[in-house]
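These are the residues of each chain, in order.
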Amino acid sequence: MTCFLFQSLIFTVLPSVAYSDSLDWKDYGTDSILNTVLNHKHLGNGSIILCHNGAKYTAQALEQLITGLKEKGFTLVTMSELIYKDNYKMDTEGRQHLLNTSNSSSTSPDTSN
């Protein structure tokens, strides 16, 4: 399973990809960020987690957030590793699906969630 953690400035480049907002900008605290992300109903393969640079508790929550994601079986990857361009389409949840397996040498992301 893969997900990607990144800063809000990058998000505007990929508006069609579904993401989970950490709501860290609301400054409710570390536990709120962890609960919001780790228990998000759409957290799954290929999820992108939106965190903000200037949020008060994000830096404090980051190590626990990464640990929690890894404990759930996720692997953090770069955006270029996450987004497949050739022979894939994205559904309304932002999940990628292989269009034509006979002509593709790419490895399909796990979309079983």
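Our subject is the structure that appears above.
A quick note: this is a predicted structure, and the numbers were derived from the prediction, not measured.

Student: I'm lost on the overall build of the protein in this one. Help?
Tutor: Looking only at helices and strands, the protein features four helices and six strands. Taken across its 113 residues, the protein has 37% of its residues classed as buried. Taking the intrachain contacts of the protein between residues at least 6 apart in sequence as the baseline, contacts between residues at least 24 apart amount to 70%. Here the protein displays about 6,800 Å² of accessible surface, and carbon together with sulfur accounts for 50% of that area.

Student: Explain unusual backbone geometry to me, please; I cannot follow it from the model alone.
Tutor: Where the residue is not glycine, phi is negative for most of them; where a peptide bond is considered, it is trans in most cases. The backbone of leucine 23 sits at a positive phi, close to 55°, despite the residue not being glycine. Assignment of secondary structure puts leucine 23 in the loop between strand 2 (19-21) and helix 2 (30-38). In this model, asparagine 87 sits at a positive phi of 65°, which is unusual for a non-glycine residue. Take asparagine 87: it is sitting in the loop between helix 4 (79-82) and strand 5 (88-90). Residue asparagine 87 is classed as partly exposed on the basis of its relative accessible area of 29%.

Student: I'm lost on the nonpolar core in this one. Help?
Tutor: Soluble, globular proteins show a tendency: their nonpolar side chains are buried together. Counting 11 residues, the largest nonpolar core consists of Ile33, Leu34, Val37, Leu38, Leu43, Ile49, Cys51, Ala61, Leu65, Leu69 and Phe74. When contributions to this core are tallied by element, the ones reaching two or more residues are helix 2, strand 3 (47-51) and helix 3 (58-71). With four residues, the top contributor of residues to this core is helix 2.

Student: It is not clear to me how the side chain of serine 47 should be interpreted in this structure. Could you clarify?
Tutor: Mapping serine 47 onto the fold places it in strand 3. A distance of 3.3 Å separates a polar atom in the side chain of serine 47 from the backbone oxygen of histidine 42. Side-chain polar atoms of serine 47 contact the backbone nitrogen of glycine 44, separated by 2.7 Å.

Conventions used here
Residues numbered from 1 in each chain as written. Predicted model: local features only at pLDDT ≥ 70, side-chain atom pairs only at ≥ 80, totals over all residues. Heavy atoms only, no water. Helix = DSSP H or I, 4+ residues; strand = E, 2+ residues; numbered from the N terminus. Buried < 20%, exposed > 50% of the residue type's maximum accessible area, 1.4 Å probe, protein only. Contact = heavy atoms within 4.5 Å. Areas by Shrake-Rupley, 256 points an atom, 1.4 Å probe, with all protein chains shown as cover. Core = buried A, V, L, I, M, F, W, Y, C linked by side-chain atoms within 4.5 Å. Polar contact = N/O pair within 3.5 Å; in protein donor to acceptor, adjacent residues only side chain to side chain.

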